[in-house]
Amino acid sequence: MSLEVNGVDIDLDEDGYLVDRNQWNEDIALALAKTEDVEMSEKHWEIVNFLRKYYEEYQIAPMVKILAKEVAKLNNIDKRESSKMLYNLFPSGPAKQACKIAGLPKPTGCV
Amino acid sequence: MSASETPLLDELLKGPWPSFVKEMKEMADTKPMVRDVLRQLEKSYVDKKTHWKHGGIVGVKGYGGGIIGRYSDSPDEFPGAAHFHTVRVNQPAGWFYSSQALRDLCDIFEKYGSGLTNMHGSTGDIILLGTTTDELEPIFSALTEKGWDLGGSGSALRTPSCCVGPARCEWAMFDCLDVCHELTHFYQDEIHRPGFPYKFKIKVSGCPNDCVSSIARADFSIIGTWKDQIQINQEEMRKYVEEGANPLTSAVLLCPTRAIEWDGKEITIDNENCVRCMQCINAFPRALKPGKERGATILLGAKAPIVQGALFSSVLIPFMEIEPPYEEVRDLLERIWDVWDDHGENKERIGELVERMGKGEFLDQIGVEPDVQMVFHPRENPYVFYDEYYEET
C-alpha cells in the first residue's frame, strides 16, 4: 500500500501504518487520518502529540490505560468517561487509529 | 479440490479420527479462500514454518477488539489466503442456541467469509475463521442485526463463560447462566474497548466439579459451593449397595480428607473436614446432595504460561451469596480492576500482579480482610501473614 502526500508516495504496510516512521509530518498525519475517516480537531492533535512525545521518550507506545489517564487529566473527567471520549475521537480504537495517525509502529500481538 | 494438490495434508484423512482437512476440502470447491488456505498449509508442512504473518490490526468502527487480523506472507502465491481474519462473537451463556440462531450464524459467515467456524474457541467465543478486511463492517452489521455482538480480544475483558448450570445440571448452586449473561451485558464496554494491562477472563462454574475449568483458566473464577452439611439419604445409600455399588472404593477411600465413613449400614460425614471435592456426591447422587446454604467461592489469578509460568486461581472470597443483580460481584471486580489499573505492568495478568505485590498488600488495596481460608487449595497454610505474626517474631 502507499499514500500520496504533497506529490510524494509514502509506503504503508498492509494495515495502513507508516513503513518508515521518520517520514512522519503533520500533512502525512492528516492524510493518514483521512484513510481512517477521522477529521482532526484540536482534541485529536492533543492525543496524537501526547503519543509522539511518549514514544520519543520511552521508544514504546503507551498502554491504553496510560493514554486514558492522560486524557482524563487533560479534560478533568473520570476514567470511564475518558475511554468513551477516546473512542468518540478514534472510533476504531485509540491503539489502532491514534497510533497510526501519530506515525507510531503498529501495536502487536492481539490474540 | 484435487488430492494431488496437498499430498501431506491428505495423510491426515487416513485413520479413524475426523480431520479438519476433510471438512475444509468439502468447502474448498465453493470457497477459493479455503482452497488457498489448505495449499498454504501444505507449503508450511513442506517448509516447516508458518506462512501466516504475526498479528495484524483490523477492526470495526467503535470497537478496539473482537477481530484478529491474519495475513498470508505469500499473498501472490495464495491470493485467497491474503486476508484470513478471525471474528470473535459473544457466545450465549452455557452455549445454548436455537437451531435458527445457528442457521443465521452459518448463513452470515458463508455470505461474508470462509464459512468455517470454530465452535467454540478456548475462551468460549463463537469463532468465525477467515474473512477479508472489506467484509468486516458488512459482517458486523449482519451479526448485530440478528442480535449478536463481538467478543473480546487484546488487553480487554474477554467474553465471560459458564457451565450449562441449572439448565441441565442438578449440582448448580446458583444460576450461573444468569450471572454470565448479566456480566457479559453489563461489561460490553470493557469487552469492546481494551483498556486493561492485559487480558482478563471470567468463568462461572455452578459447583466444585468446575466444568468450565474456571480454576485453571479464568483470572476471576466464580465456583459454586455450600456452607452447611452434605444432605444424606441413608435409604438411597443402602439401595445403591443392594444394586452392587461399593461406598468404600467409590467414596471413602477416595475422599481426600478421609471425611466420609461407611459402616455397612450408614454413611457419616465429618463436614468440618469436607473440602467440597464432589467425589462422593458424584458417585452417589441419589443419596448425597450438597448442603442448603449455597453460594460461590471467588478465586483469582489463573493463567496459562506466557510471560511467566501457569497459575491456578486461589481463594479470594471463601463464600459469597450470588444473588441478582450481582452487585457484590461487580463491586469486587471493579475494585480489582482499579488496583490492576494503577499497579499492573504491560502484559501482567492479575495473578502475576498479586504475586509481585504480595497477597497481604493486594487485599489491603482492594479493601478485603485477610482470612485463613485464602489458600491455593484446601488443607494448605494461608499465605497471608497477620500482624500478630510480625508482633510475635
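Provided above is the structure to which this section pertains.
One numbering rule holds for all chains: residues counted from 1, following each sequence as written. All chains are assigned letters beginning with A, and all ligands numbers beginning with 1, in the order in which they are written. A pLDDT threshold of at least 70 governs which residues receive local features in this predicted model, and a stricter bar of 80 or more applies before side-chain atom pairs are shown or counted, although totals over entire chains, interfaces and linings include all residues.

1. Structural notes on the overall build of chain B
For the purposes of this entry, the term helix denotes a DSSP run of H or I that reaches at least four residues, the term strand denotes a run of E that reaches at least two, and both are numbered from the N terminus. The helix and strand tally for chain B stands at 15 helices and 13 strands. With the C-alpha coordinates of chain B rotated into their principal frame, the extents come out at 70 × 55 × 40 Å. The 393 residues of chain B split such that 42% are buried. Each residue is represented by a C-beta atom placed from its backbone, and any two residues with such atoms within 7 Å are regarded as in contact. Contacts in chain B between residues at least 24 apart in sequence constitute 63% of all its contacts with a sequence separation of at least 6. Exposure criterion: with C-beta atoms placed from backbone coordinates, a residue whose C-beta has 20 or more other C-beta atoms within 10 Å is buried, one with 12 or fewer is exposed, and one in between is partly exposed.

2. Let's talk about the sheet that holds strand β7 (residues 220–226) of chain B
Two strands in a sheet stick together by hydrogen bonds in their backbones, pointing the same way (parallel) or opposite ways (antiparallel). Residue and element names in this part refer to chain B. An order of β5-β6-β7-β12-β13 is seen for the five strands of this open sheet, with the pairing classed as mixed. Each end of this open sheet is capped by a strand with a single partner; those strands are β5 (161–162) and β13 (314–320). A pair of strands is labelled paired if DSSP reports no fewer than 2 bridges between them. Sheet analysis places β5 next to strand β6 (residues 202–205), joined by two bridges and oriented parallel. Across the sheet, Cys162 pairs through a bridge with Val204, a residue of β6.

3. Observations concerning the nonpolar core
Residues and elements named next belong to chain B. Counting residues in hydrophobic clusters, the biggest one holds 49 residues, and the most contacted among them are Cys162, Cys176, Val179 and Cys180. Those elements that place two or more of their residues in this core are α6 (176–186), β6, β7, β12 (294–300), β13, α12 (327–343) and α13 (350–357). A total of six residues in this core trace back to one element, the largest contributor, which is α12. The residues contacting Cys176, other than those within four sequence positions of it, are Cys162, Cys163, Gly165, Val204, Ser205, Gly206 and Gly224. If you look at the next biggest cluster of nonpolar residues, it comprises 33 residues, including Val37, Leu38, Val87 and Leu143. Only buried residues count toward a nonpolar core: Ala, Val, Leu, Ile, Met, Phe, Trp, Tyr and Cys, linked into one set through C-beta atoms within 7 Å.

4. A short note on the packing of helix α2 (residues 42–58) of chain A against helix α5 (residues 94–101) of chain A
All names here are of chain A. Where α2 contacts α5, the axes come no closer than 9 Å and their chain directions differ by 80°. Between α2 and α5, the crossing angle belongs to the class labelled roughly perpendicular. Touching Ile47, Val48 and Leu51 of α2 are Ala98, Cys99 and Ile101, all from α5. With axes taken as lines fitted to C-alpha atoms, and helix axes fitted only over the stretch in contact, angles between N-to-C directions fall between 0 and 180 degrees. Any angle that is under 35 degrees is reported as roughly parallel, and any over 145 degrees as roughly antiparallel; angles of 65 to 115 degrees are reported as roughly perpendicular and all others as oblique.

5. A word on the interface of chain B and chain A
Residue-level contacts link 21 residues of chain B with 19 residues of chain A. Classification used: nonpolar for Ala, Val, Leu, Ile, Met, Phe, Trp, Tyr, Cys and Pro, charged for Asp, Glu, Lys and Arg, polar for all others including Gly. In terms of residue class, the side of chain B that touches chain A is built from seven nonpolar, eleven polar and three charged.

6. Describing the environment of Ala156 of chain B
Residue and element names in this part refer to chain B. Counting through the fold element by element, Ala156 comes out in the loop between α5 (136–145) and β5. Distance in space between the C-alpha atoms of Ala156 and Gly64 is 9.0 Å, their sequence separation being 92 residues. Every residue in contact with Ala156, bar those within four places of it in the chain, is listed here: Gly65, Glu190, Ile191, Arg193, Pro194, Phe196 and Lys199.

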